[in-house]
Structure formats: structure tokens, C-alpha cells
Amino acid sequence: MLLHHKIVNLLTICLLLTSAFSTNAEARKPIPSLTREQQDKIVETVKAQLSQAKTAADSVPLLFNLFDLNSTALAYDIAIQLAETARRAGKNDIALEAMMNAANSASTKDSLVNVVLQRVEKEFPQSPQKKSARTFINMVYNTSVARYADEEHRSKLLQELLRKLASDPPSDVYDKIVITHAICVNLARISEGELLVEYVRKLGDLIDQLPADDHSIRNAYYVWSSMMYTRAGNNDEAIEACKSLLDEMLALDERNRKIGRKYRSYDAYRYTTYTRLLENYQAMSPADVERYYMLAKEMVQRDPIAKMTYGKAPLPDIYYNFYKANYRKAFELIDRCKDDKYLKPRQLQILGMYITAANAIGEKEALLEVYPIYNKLLKDELESRQNERTRELEVVYEVNDIHNENLRLQQDRNAAQRHLWKTVTIVSIALVLILTAFIIILLHLNRRRLRLAQRLKVSNRALRNESKSLAEARDQLRAARDEAQKADELKTEFINNMSHEVKAPLQAITEYSQMIIDNIDEEHKKFLDTFASRLTVNCELVNTIVNDVLQLTELHNSSLKIKENLYDIKPICDTAIDSVRHHFKPGVKILFTPDSENFLMRTDRHRVLQILVNILSNAAKFTREGAVTISIRKSADGTKAIISVADTGCGIAPENAESIFNRFTKLDSSVSGAGLGLTIARMLAQRLGGSLVLDTDYTDGARFVLTLPMKLAIKPTIISAERA
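Residues numbered from 1 in each chain as written. Predicted model: local features only at pLDDT ≥ 70, side-chain atom pairs only at ≥ 80, totals over all residues. Heavy atoms only, no water.

For the protein chain, the helix and strand inventory stands at 24 helices and 7 strands. Considering the protein chain as a whole, with its 724 residues, one finds that 43% of them fall into the buried category. For the protein chain, the share of sequence-separated contacts (at least 6 apart) that also reach a separation of at least 24 residues comes to 71%. On the protein chain, roughly 39,800 Å² of surface is accessible, and the fraction owed to carbon and sulfur atoms is 54%. (Helix = DSSP H or I, 4+ residues; strand = E, 2+ residues; numbered from the N terminus. Buried < 20%, exposed > 50% of the residue type's maximum accessible area, 1.4 Å probe, protein only. Contact = heavy atoms within 4.5 Å. Areas by Shrake-Rupley, 256 points an atom, 1.4 Å probe, with all protein chains shown as cover.)

See the structure below:
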């Protein structure tokens, strides 16, 4: 068997049969096919419409149509552009479908498929659609790896996969599908025997457990399983797979209409499916044979690719005439195309049918001509089958070894379990004996306690009559108060000590992670740099939380010192912006718009900087795009400086305008931080004689307004932010 051609056919069909959406599979007229000339004209029209699209949502259906109309060479780039556009439009399900199309377009390059898989893992939030897309792309990756692996690597990979599935199978059905599919595509390179059919069935059982709207994985499975079942002679299973595939195509047509894909046609693949159904005519009813034959001829009339394929080899007519026992017509059809290179992968089957037809109509000369070729092909096929059987037996032997190993492990586990239960039983009996003795002791102590309680009651009545009891009580109260104060001081000292102790390891972690990146080779540096950056960000987060706890403790105990001097507020704002700039997401702008050149005021520069950093850090967490704007102005009477920080993030509901300043309050639990930043900012503003509030009239995001007293000196001497 020419496995190479089988896999190429499989990849070609899978490339064009992808979708990840729930659909209604009602029978509606399919999307019509187009000629190459019609496609070229429409491509130019779609490009013009795309250049005029105003929003990402408007561009999505146009990019889908461009993907469907263009050649395979451009498919990957268009699919990636479509995914990025759909994400900007907030359509993650469409974006995931585009990423699956991109993986299919790059199916001959496993490294590029792996890039698509990594982008899906990194850029998309967890969802059922992401799990389905990730599984589908892994299946494409499995096929690509199996296609190019050598015999040694394939053998080792199969052993590893079989051992994994037998000894430590994953609990998630999607992960099981990936492993089982990898076994199938690698087995298909070795043999098409019963072992492959067995694992194809196992894969089908797993896919039946998926949600009904998970079409992408089912499409790939039905295409592949119908081919495998047909070649293995499992006609009933092949027919069932083909019918399921036709249902999926109807569902895809319906879904494509809903999302604006006007030029996606599956007629060429319907023709292939109808032809495969006719190939299994022995197991079909007469009505089904007639129906699928007429549908195949309809596709020939409607689709250019189907027409071209039919012109090279009219397989539907050949199978149909064999079904009708019209051997003369079948002989003529086969004689016309038997030498066409299109039929080379199935030449043995075609020549066998040719010989059957020639025998039936008495074409002796044709038999004499074709018998030597057929005998050679049959000999090659037998040798190939024998080699496949040998390799399959090797795999079966390995599977049995794995099974026996698992049985031994299970026996060992059972023996260990029995030993454990024996030990547990002995320990339980010992515990029961100890518990019994303990209960006896408790009963004895309880009787003694009752006697002591009776005596204590008498003593208490006597003590209540004595004034000495009052003095002792007062002493106890004083001692308790002193202990409470001491405990509070110890608590504060403990927090301070622990906070300082935490900072040093955090700094060491950050520095050593950077040292690792600086000393790693360039090949791994880019990969590890991402994790080092995450480590640094998390260390900064923990350090911020520690500082917030220390700050909150000082504010609570009123031990925070305020050092006032005369400062220009603008450099303080610049410093705050520089301190948090790296926390902002790419593309977010930071704008600073003071009303005048100088804003002199007497205040504590460090505390004002803390307030601004906390507010800007809060803005960075919730602003995904747009800008954060800092503005400064004086109050109408000139006695106060009013600093506002406005962002274009998700905003804060008016009813939460005060609760956000409470300690440990977080409106979004998925956002990092301890919920102390705004609390500390407001408390610092109040210690400086000002205030911090949320502007509930602002609707484009969130805007915080910080008001501070100017407190200007008569003859001010300006102190720069750098000197301070």
C-alpha cells in the first residue's frame, strides 16, 4: 500500500474541512462553487471592501471570504490576520477557528503548527472553545510529526504513547483524544490491519463523548476513519463515518452563512464522500446506491474540481456499474482511465475490478495484457501486507509487554494495599485499646473534677465575702491590659521584622533570575526570558504588598512622619509616571497636562509620590487600551492643588465609589494585588490635609481626584524632586 498518498489525501481533505462552532444541520442548499475566474474577480472586490472597513467587526467576514477565495500559499498569513482582527472585535470563538485554519494551512511544517499552538495557549482565555481548538491543533501536529518521522523515532514514540495510555492515561477526554490520535496516525504508517482499526474505534468512542457542537475534531475524525474503514473492508463503519461527515458539511454550510462566509463550498469534498460511499456499495441498500450516485453526478455538474476529478477517473460510474452488474460499461470505463496517474494509489483495486469485468464479458486479450501487471502488483501487495503484519505483530508484542507490566504493577499495588489494610487493622485495634483506657481515665478524672467543683463552689462563696478578692481582680485587669499592649507591640515588631526579612529574598530571586537569563545561550534565552519577566513582576507584586502592609501599620498607629518642604508638583508627577510606566499594557498612552509651568506647594514629596504611584498602578491594571491622563490645576481660591488621574479602563460603578477605599477590597478578584493601594492613598492624602475621591460623573473609565493644600511660604525656596 502507498501510505504516502493516503496521508497526503487525508491532509488535503482535513485542510478544508475545519470549523469549531455549533450548527443546525438542517438540509439547506449548499453554498455554490465558483470557477477560478469568478474567484479572482471576487477577490479584488473583497480587498476593496476590506480597505474601506471601519471596524474590526466589519473586517472579520471580509477576511473569512478572502481566506476562502485565495490559494493555499496565502492561507496561513490570512488566517493569522483574521485571528488577530477577530480578537480585537471581541470574537474569540471566530479567532480560535482562524487559528485552527492557520494550523491546517501549515500542516506540512510541524514547527509552524507548534507556533500556532503556543499562541493559542498564551493569548486566549480558558474556555471550551479553546480546549477544542488546542486539541484539534495537536491532532494536526501529530499528523505532521508522523509524516516525517523515521522508523526508529516512530517506534520509540509509539512505545511511549502506548505506555502512557495504558499506564497513566489522562483524566481529560480531550487529552486522551490527542494521545489516541497520535497512536492512530503513527500506526497508519506501519500497518492498516486490525490493530489500527481497533485504535480508530477507540478514538471514535472518545470523540462521541465530546459536546454536540464540537464539529472541528469530528470532521477530521470522520474524514480519516472513513478512509481507514474502507481500506480495511469494514463497509458498515465506513458508510456510517461518511454519512456523519455529510451531516457535518451541512452544519458547516449553515454556520458559514451565519458568520458571513459566502464563498466557502464543500461540493468537491461531497463528491469525494459520495464516491467513497459508492465504493462500499456492497453494504448499502439499492435506494442509497441510487441516491448517492445521483448526488455524485450532481456535484460533477456543479463543482469545477469535482468535474476535473471525474474527468480523470469516473469512479462513481465504475462503482455504480459494478453494483448494477453492467460489466461491459464498467470495463469500458476502467479501460479508458486505468493507466491514469490519478488512480495509481488504488491501481490494484482498479485492475482487480477490470479483470472481474473482463472475465464476465469474455475479453481474453485484455486479460492477457493486464494479468502480468496485476500479478506483480498483487505480489507487491502481499509482500507489503506481510511486512505490515510483521510490524503490527511487533507493536502488538510491545502492547502485550506493556499490558503485562501493568498487570505486574497492579499486583504489586494490590499486595501493598493488602499489607496496608493489615497494618491499618492492627493499628486500629491498638488505637481502640488505647481509646478505651483513655475513656476510663477520663471517667475517673471527671468524677474527681466533680468533687473539686463542689469544693470550689464553697470556696467561691467564701471569697466573695472578702474584700481581698476585689483587689486581686483589679491587679489581674491591669496585668491583662499590660499583656495586651505588649502583644500589640510584639505584633507590630513581628510585622516589621518579617517584612524586612521578605524583601531581601525577593531581591535575590529577581537578581538571580536575571543572572540566569544573562548567562544562558541565545537559543534558550528568548524562551526563559518570558519566565524571568514573570518572576520579576511577581516579586515586585509581593514587594508592593509587603510595603503596603508596612505603610498601613504605620498609618494605623499614627507613627508615620510627615516631612514638609516646598516643592514643584510637576517633577513629582513625572517621577510617578516613570515609576509605573512599565506596568502599562502595550499601546496605552500616559498623558500629563498641567495648567501652568509651576505648581509650588509645601508638602511631603515622598508621600505625594506614593499616592500618585498607587493611583497610576490601579489605572495600569484596568486599562487595556486608550490612555491615562494626569492633569493639575489650582482651586478657584488658589489655596488647593487639584490633581486628577483619568483612565479609559472598565470604570467603577458609582455604588462602589466608597467601598473601593476599604482595606483589602477588590472588585475583580482576578487582578493582582492585596487591595490596599487605594486605602493607603486616601489615608496619606488625609494625613497631608487633603482628600482623595472617585469622580462618579466621569464615564469613560475611572477618574480619581486628589486635593492637597498649597500652604505656600512667603519667600519660597524651591527644592527639586531630584535633591529631595
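On to the packing of helix H3 (residues 56-69) against helix H5 (residues 92-105), then. Packed helix pairs are characterised by how far apart their axes lie and by the angle those axes make with each other. Contact pair H3 / H5: the axes reach a minimum separation of 12 Å and the direction vectors enclose 20 degrees. Compared by their axis directions, H3 and H5 come out roughly parallel. Our pair here, H3 against H5, has a crossing hand that is left-handed. Residues Val60, Phe64 and Phe67 of H3 touch H5, and the partners they reach there are Ile94, Glu97, Asn101 and Ser105. Residues that form the contact of H3 with H5 fall into these classes: 4 nonpolar, 2 polar and 1 charged. (Axes fitted to C-alpha atoms, helices over the stretch in contact; angles between N-to-C directions. Parallel < 35°, antiparallel > 145°, perpendicular 65-115°, else oblique. Left-handed = near helix turned anticlockwise from the far one by under 90°. Nonpolar A, V, L, I, M, F, W, Y, C, P; charged D, E, K, R; others polar.)

A separate point is the pairing of strand S5 (residues 640-647). A large share of S5 lies buried, amounting to 7 of its 8 residues. Pairing between strand S4 (residues 627-634) and S5: 7 bridges, direction antiparallel. Within S5, the position partnered with isoleucine 630 by the bridge is valine 645. The antiparallel pairing of S4 with S5 creates a hairpin that spans 5 residues between the two strands, and glycine 638 there sits at a positive phi of about 75 degrees. Where S5 meets strand S7 (residues 703-709), 7 bridges bridge the pair, whose relative direction is antiparallel. In the sheet register, alanine 646 faces S7, and the bridge partner there is arginine 703. (Pairing = 2+ DSSP bridges.)

Moving on: the sheet that holds S4. Here we have 5 strands laid out as an open sheet, ordered S2-S4-S5-S7-S6, and mixed in their pairing. Of all strands in the sheet, those with a lone pairing partner are strand S2 (589-594) and strand S6 (691-694), marking the two edges. Between one strand and the next, the sheet's axes are offset by a mean angle of 15 degrees, whatever the strand orientation. With 4 bridges joining them, S6 and S7 adopt antiparallel strand pairing. Across the sheet, the residue bridging to valine 693 is valine 705, located in S7. Across the sheet, helix H22 (residues 569-580) is in contact with S2, S4 and S5; its angle to S2 comes to roughly 175 degrees. Across the sheet, helix H24 (residues 677-687) touches S6 and S7, and the angle it forms with S6 is around 140 degrees.

On to the pattern of salt bridges. Here the structure, examined in full by the defined rule, presents 22 salt bridges. Salt-bridge contacts for glutamate 123 lead to arginine 87; the nearest nitrogen and oxygen are separated by 3.4 Å. In this pair, glutamate 123 sits in helix H6 (residues 110-123) while arginine 87 sits in helix H4 (residues 72-88), placing the two residues 36 residues apart along the sequence. By relative accessible area, glutamate 123 is classed as partly exposed at 25%. Here arginine 87 falls in the partly exposed class, since its relative accessible area comes to 34%. A single salt-bridge network, built from bridges that share partners, covers Asp253, Asp267, Arg270, Glu298 and Arg302. (Salt bridge = Lys/Arg side-chain N within 4 Å of Asp/Glu carboxyl O.)

Moving on, we come to a positive patch on the surface. A contiguous patch of positive charge, built from Arg447, Arg448, Arg451 and Arg455, is present on the exposed surface. Within the fold, arginine 447 resides in helix H19 (residues 364-464). Taking relative accessible area as the criterion, arginine 447 reaches 48% and is therefore assigned partly exposed. (Patch = residues over 30% accessible without salt bridge, like charges linked within 9 Å, V, L, I, M, F, W, Y side chains within 5 Å. Lys, Arg positive; Asp, Glu negative; His and termini not counted. Charge placed at Lys NZ, Arg CZ, Asp CG, Glu CD.)

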